[in-house]
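Each chain, written out:
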Amino acid sequence: MDSSTRERRIAEHKKRVNLIFKKCVWDDFLDRALEMSPEDMLEKVKESGLRGRGGAGFPTWLKWKFAREAEADEKYVICNADEGEPGTFKDRAILQEQAGKVLPGMLVCAKVIGAEKGFIYLRGEYAYLLPALSQEVENFNEKIREKGERFSIEIKLGSGAYVCGEETALIESLEGNRGEPRNKPPFPVSEGYLGKPTVVHNVETLVYASIIISEGPECFKSLGTSDSAGAKVFCISGDTDLDEGIYELEMGMTIKEFVELFSDGDIKAVQVGGASGHCVPRKKFADTIIGFEGVPTGGSMVLFNSSRSMYNVLHNYLEFFEEESCGQCTPCRIGCQQLLKGIEAVKSGEKPSEYLDDLVKLAGMMKISAKCGLGQSAANPFISIVEHFREEIMY
Amino acid sequence: MSPEDLISRSAEKHGRERKNLIPILQDIVRENSYLSEEAMVSVARELDISPAEVYGVATFYSFLDTKPLGKNIIRICKTIICYMHGQDEVIRAIEDRLKIKLGETTPDGEFSFLPTNCIGHCHKGPAMLINDRVYSSLTPETAVRAVEEYI
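Residues numbered from 1 in each chain as written. Chains lettered and ligands numbered in written order. Predicted model: local features only at pLDDT ≥ 70, side-chain atom pairs only at ≥ 80, totals over all residues. Heavy atoms only, no water.

Colleague: I keep staring at the interface of chain A and chain B and nothing clicks. Help me out?
Modeller: By a widely used convention, the size of an interface equals the accessible area lost when the partners come together. At the interface, 51 residues of chain A touch 33 residues of chain B. Of all residues in chain A, the largest losses of buried area upon contact with chain B belong to Y128, S159 and R178 of chain A, amounting jointly to 19% of the total for that side. In this assembly, chain A and chain B are joined by one salt bridge. A salt bridge links K78 of chain B to E323 of chain A; its shortest N-O distance comes to 2.4 Å. (Contact = heavy atoms within 4.5 Å. Buried area = accessible area lost by both parts, 1.4 Å probe. Salt bridge = Lys/Arg side-chain N within 4 Å of Asp/Glu carboxyl O.)

Following this line, the structure appears as structure tokens:
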């Protein structure tokens, strides 16, 4: 596709979907939302088909329903802004440009579940967002207090630990502990922060929730597919020739369409969903859908052209997981180390190529036995890259 | 402010409950760049918890350093995407300018140069943080100029 056709098509996409970054006045929205009953809000979010935008895709309304039904004297809403997945930078952009839409999302969630306190857990690497964000939060707290609401929001800063993006590790961190994930169940919706029912949402999920409540479920539901309703903010990096990296797109595109739009065409693999996601090789571009029916993603799309070594890519990801593993459970602590040592040994010829098959089995074991999403998903890039680019790992 | 004063003032501000441990440690790091053993023991005393608990938390988080670091901390992203856009040359240029290797601190204590994981500027790599400020789309020249702002 020539570049002017690409430009035109990208412009069409932008025209069709413009929810997150659209400018609007939030005062009117707050008044409208505060008149609505919690049941109505829950119903609207249910009807929209919104699922968590952090990558796991749990239905948003169900989280709200569970937390709403949980009996407790205190409940909490947490905005997970611990965006650490390599290749992901959408939450930073949303917080910079549209914090005004994140906070009402927290308020509506709080109204539905019955919480009076919300936290934004902002990763330490984004500390430079604090001055503007704190001001925004202060204004918001003041505004809703004037409207007679008891809810208030506080920002907590992370300190450089990827695993704290996992919701129970995040809660541990908020409680002043090492960010070690908890066993689930109990899930945070029944026992979360300080043992109280807690809903943890990705930044983007909260923005969509507030848009759905303010503009009605139709604006969201009319986009996407039946499994993956709505739109999603994507972060595009790697071998793309475009300067811009953030696009809100309808769900359900194939990787082929995606690559045609966002690269000059010479792409041999796309890592979908960051380091913990899946690597899709060129031969599968046409029949792989970006969404819950194909490859799910928290938004990260990294493009690799034919000059890139997939050994280097996998090696970099494994070093990352080995370092960020909290070390609590054996499958992840030892598994990540062994996968890394293993591909180095195969590359140097110290181990035969069949050793990769043993490592794939080990990765499969991590997927079923690691305690949290980090250890389980560290296996994803390993299994997909070794399957599709085995010769690059060997030679 | 003496370290003792800093700690008790911070504990006063955040509250002496366990859940406020990390904000207190962050205050100390912001002021002194790292957590000394003495500081960790004082925090434990303030919050009435074991120093081992404080040490356990401090060593879990990569931004809560327990070894002395330079006055300015440069953290360069080591993720593959920044690497694909020339992070190696940027690292070499900063190493040459500061006469230290990645992972080291200058003898005058002015700079530490550390690798870090993704800082969320992948479409504008290579990227780095100097203290809390982000620098992206780096070339060896712009990276050195950024470092020189702090000299």
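Read on, since the account is not over.
Colleague: Please explain the nonpolar core as it appears in this structure.
Modeller: Proteins that are soluble and globular tend to have nonpolar side chains buried together. Of all hydrophobic cores here, the largest spans 138 residues; its most connected members are W64 of chain A together with L25 of chain B. Of the residues forming this core, the biggest block, 13 residues, is contributed by helix α5 (residues 90–113) of chain A. Ignoring anything within four residues of it in the chain, the contact list for W64 of chain A reads L42, V45, V108, C109, V112, I113, V199, H201, A209 and I213 of chain A. Counting 20 residues, the second-largest nonpolar core is a separate cluster that includes M253, V259, I267 and V270 of chain A. (Core = buried A, V, L, I, M, F, W, Y, C linked by side-chain atoms within 4.5 Å. Buried < 20%, exposed > 50% of the residue type's maximum accessible area, 1.4 Å probe, protein only. Helix = DSSP H or I, 4+ residues; strand = E, 2+ residues; numbered from the N terminus.)

Colleague: I keep staring at helix α8 (residues 203–215) of chain A and nothing clicks. Help me out?
Modeller: Helical geometry: 3.6 residues make up each α-helical turn, so side chains three or four residues apart lie on a common side. Residue and element names in this part refer to chain A. Compared with the 18 Å implied by 1.5 Å per residue over 13 residues, the 19 Å span of α8 between its first and last C-alpha is a close match. With twelve of its 13 residues buried, α8 lies for the most part within the structure. Within α8 the residues assigned to the buried category are V203, E204, T205, L206, V207, Y208, A209, S210, I211, I212, I213 and S214. For α8, the N-terminal cap is N202; the gap from its side-chain oxygen to the backbone nitrogen of E204 is 3.0 Å. Within two residues after α8, G216 carries a phi angle of roughly 95°, on the positive side. (Expected span 1.5 Å × (residues − 1). Polar contact = N/O pair within 3.5 Å; in protein donor to acceptor, adjacent residues only side chain to side chain.)

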